[in-house]
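Residue-level listing of the chains:
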Amino acid sequence: MSKSRLIGVVAATATVFVAGCHSGGGSGSSSSAGGTTLHIAWAQWKPSDYLQTVANEYTKQTGVKVVVDQIPWSQYQDKITTAWSAHSSAYDLIVGDSQWLGLGATQGHYVDLTDWAKTHVDMAGMSPAALSKYGEYPPGSGKYYGMPCESDGIGFAYRKDLFENPAEKAAFLAKYHYPLAPPTTWAQFRDIAEFFTRPQQKLYGCSLFYSKEYDAVTMGFDQVLWCYGGHLKDANGVVQGVINSPTAVNALKFYAQDLKKFTPPGSSTYYFNEDLEAFASGQTAMVEDWFSFMPGFTDPNGKNKNYLSKTGYFISPAGPGGHYIQLGGQGLSISSYSNQIPEAEKFLEWFEKPEQQQKWAQLGGLTATLKVLNSPAFDTYAPYNKVFSESQKYFRDFYNNPAYAALLDSCQKHWNAVASGLETPQQSLDAVAQEHTQILKSAGLLK
C-alpha cells in the first residue's frame, strides 16, 4: 500500500520459498477431504483476518476450503517475488501491493482478467480510482490483472480534547485570525502544527511519514507535491525539469523542512507504527496514517486506549495546486502459476459481490464497492470510515510500472536525506531527476 506501502522493513535477502511451505506439504493448490483448497497470499495483519472470516462463508456455501496464508510484512515482498521466480503454484491468489501491478502484468505473474471481468464482475459499481490502481495496467488501457481488495489511502487523526479546548481555541484565533478546527488546507495544517508545538510540554504539532524504510517518506511527500501543483513526470514520461521544478522544490521544502520542525525528535525514522505510538503517548496533536492501520487508534486494548474518546479524524488537506491524496492498498489477483485458475475465478467473483463486500466492510475491511462505500451504514462501522469514503475521489498513486522498486528507492534515499538534514530540497530533487531518468531509460520506459 501502495501502495501498500505498508511494509515496515523489506527484507534485503529473499527467503527461499518452497511449495511445501503450507501445512502438509505439496503445492498450494491442493485437495482435501472437503474438496479443493485455495491458498491466498497476503501480509500478516487485521485485514487478512477479515478476509479469512469472509472466505469461511465461501467454504460453507461451496465446500471449497480457502486459506489466507499470512506472511510477515518484512518477508512479504520477498516471498512473492521468489514464488514468481520459481513459477510456484503454492498460491492461487495474491493480494498484492498496487505498486506490484506492472510487474505482475508485464512479466506474466498475474492472470489477464480483462475478458472474464466483463461478464463476472460489476466494474461499474466500483470506485474508479480503486479499480484502475488495483487492477488496470497499463493505466487507461482497459486491461485488468486484478480486482480491488483492501482499498486504502492516507488520512489523519487529531486530538479532539486539544482542538475543542476553549482556551486553545481562543489563543489560536487571536494568533492566526481564524477558528481552530481540523485543517482543510496544508497552510492551515502548518499553522496548527506550529501552534501545538511546545517542546517544554513534550507536545508537538504533528507526526508524519519521513522514514526511508520501504515507501514511507515517498508516500508522505507525494500528496504534498501534487497539492502544490507538482508532478513526478510530464505527460510524455519526462522527469528532468519536472520532478525538480521550482514548484516541486518548494513542496519538498514545505514537507521535509518546514513541517519537520513541528514533529517529535527522531521523526526522520517515523512511519505508520511510529506515528501511532507518538500520538498514543500524547506527543502529537495531529498524526498521519493509512486508513487500513487506523484500527490501531480504535482498539480499546491497544496503544491508543487513553485517547479513544479524544481522537477525531480528518481528510488529508488540499493545497494551492489542487487536492490529491496518496492512494495505498492492494488488489486481489490470480496467480498465473495456480493449478486451479477456474476455481480461483469463482472465488474472486463471489468476493467482489456487494453482499460479501458488505460483510467485509462490517468486519473492518475498506471496500471499493460503491453500493457499500456510499451507504449510510458504512459510516457507522468505524469512526474514520466517513473520512475514508470522502477521500476516494482525491486518490492518486506513485509509479506502478515494472521499474517502480528502483524509482521508489531513489525517492526514499533522497527525500529522507532532506528530512534528516543531509541534503537540500534542490540537491535531493536534482538527484532524483537524474536517477529516475536513467532508471526509466534502462527499463525502456523513456526514450
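First things first, this report covers the structure right here in the doc. If you're wondering where the values come from, they're calculated on a predicted model, not measured in any experiment. The residue numbering used here restarts from 1 in each chain and proceeds along that chain's sequence as written. Thresholds applied to this predicted model are a pLDDT of at least 70 for local features of residues and 80 or more for the giving and counting of side-chain atom pairs; totals over whole chains, interfaces and linings are not thresholded and use all residues. Side-chain calculation: all heavy atoms of the structure are included, whereas hydrogens and water are not.

**Structural notes on the pattern of salt bridges**
Stage number 1. Definition used for salt bridges: Asp or Glu carboxyl oxygen within 4 Å of a side-chain nitrogen of Lys or Arg. Within this structure, the stated rule accounts for eleven salt bridges.
Stage number 2. Among the ionic pairs, Arg198 bridges to Glu168, the shortest N-O distance being 2.7 Å. Placement of Arg198 in the loop between α8 (186-195) and β6 (204-207) and of Glu168 in helix α7 (residues 166-176) is noted, with a sequence separation of 30 residues between them.
Stage number 3. In this structure, Glu194 and Arg190 form a salt bridge, with 3.4 Å as the shortest nitrogen-oxygen distance. Placement of both Glu194 and Arg190 in helix α8 is noted, with a separation of four residues, approximately one turn of the helix.
Stage number 4. In this structure, a network of salt bridges that share partners links the residues Arg190, Glu194, Asp258 and Lys261. Each helix corresponds to a stretch of at least 4 residues labelled H or I by DSSP, and each strand to a stretch of at least 2 residues labelled E; elements are numbered beginning at the N terminus.

**A look at empty space enclosed by the protein**
Stage number 1. In this structure, the largest cavity spans a volume of roughly 60 Å³.
Stage number 2. A pocket here means an open set of points on a 1 Å grid, computed over the protein atoms alone, that has protein on both sides within 12 Å along at least five of seven lines. A cavity is instead a set of points where a 1.4 Å probe fits but cannot get out; residues with an atom within 4 Å of a point line either one. In terms of lining, the largest cavity is formed by Gly96, Asp97, Ser98, Trp100, Leu101, Tyr110, Tyr134, Gly331 and Ser333.
Stage number 3. Contributions of two or more residues to the lining of the largest cavity are made by β4 (93-97) and β9 (325-334).
Stage number 4. In this classification, the charged set is Asp, Glu, Lys and Arg, the nonpolar set is Ala, Val, Leu, Ile, Met, Phe, Trp, Tyr, Cys and Pro, and all remaining amino acids, among them Gly, are polar. Across the lining of the largest cavity, the residue classes break down as four nonpolar, four polar and one charged. Grid points are joined across faces, edges and corners, and a volume is the space filled by probe spheres set on the points.

**Brief notes about the environment of Ser292**
Stage number 1. Here Ser292 is to be found in the loop between β7 (284-290) and α12 (295-298).
Stage number 2. Taking the C-alpha atoms as reference points, Ser292 and Trp415, separated by 123 residues in sequence, lie 24 Å from one another.
Stage number 3. A polar atom in the side chain of Ser292 sits 2.5 Å from the side chain of Asp152. Under this definition, polar contacts are N or O atom pairs within 3.5 Å; protein pairs additionally need one hydrogen-donor-capable and one acceptor-capable atom, and for neighbouring residues in sequence, both atoms have to be side-chain atoms.

**Some details on unusual backbone geometry**
When glycine is set aside, most residues are seen to have a negative phi, and most peptide bonds are trans.
Stage number 1. Tyr137 connects to Pro138 through a cis peptide bond whose omega is -5°.
Stage number 2. Here Pro138 is to be found in the loop between α5 (128-135) and β5 (147-159).
Stage number 3. Although it is not a glycine, His177 sits at a positive phi angle of roughly 65°.
Stage number 4. In this fold, His177 is placed in the loop between α7 and α8.

**Some points on the packing of aromatic side chains**
Stage number 1. Aromatic pairs are defined between Phe, Tyr and Trp rings, using the six-membered ring for Trp, whenever the two ring centres lie within 6.5 Å; interplanar angles under 30 degrees are classed as stacked, those over 60 as edge-to-face, and all others as tilted. Applying the stated criterion to the full structure yields 44 aromatic pairs.
Stage number 2. Ring centres of Phe221 and Trp415 lie 4.8 Å apart, and the angle between their planes is 75°; this geometry places the pair in the edge-to-face category. With Phe221 in helix α9 (residues 216-227) and Trp415 in helix α18 (residues 404-419), this pair connects stretches of sequence that are 194 residues apart.
Stage number 3. Judged by relative accessible area, which is 0%, Phe221 ranks as buried.
Stage number 4. For Trp415, a relative accessible area of 0% corresponds to the buried category.
Stage number 5. Across from the ring centre of Tyr210, 6.0 Å away, lies the NZ or CZ of Lys260, which sits over that ring. We call a residue buried when its accessible area falls under 20% of the maximum for its residue type, exposed when it is over 50%, and partly exposed in between, using a 1.4 Å probe and counting protein chains only. Remark: a charge is flagged as sitting over a ring if the NZ atom of Lys or the CZ atom of Arg is within 6 Å of the ring centre and within 35 degrees of the ring normal.

**Section: the environment of Asn306**
Stage number 1. Tracing the chain through its elements places Asn306 in the loop between α12 and β8 (311-315).
Stage number 2. Sequence separation of Asn306 and Ser281 is 25 residues, and the distance between their C-alpha atoms is 8.5 Å.

**Details of the layout of surface pockets**
Stage number 1. Estimated volume of the largest pocket: approximately 500 Å³.
Stage number 2. Lining the largest pocket are 17 residues, and of these Pro139, Lys233, Phe398, Tyr399 and Asn400 sit closest to its centre.
Stage number 3. Among the residues making up the lining of the largest pocket, the classes are represented as nine nonpolar, four polar and four charged.
Stage number 4. The volume enclosed by the second largest pocket comes to roughly 340 Å³.

Purely geometric numbers; function is a separate question.
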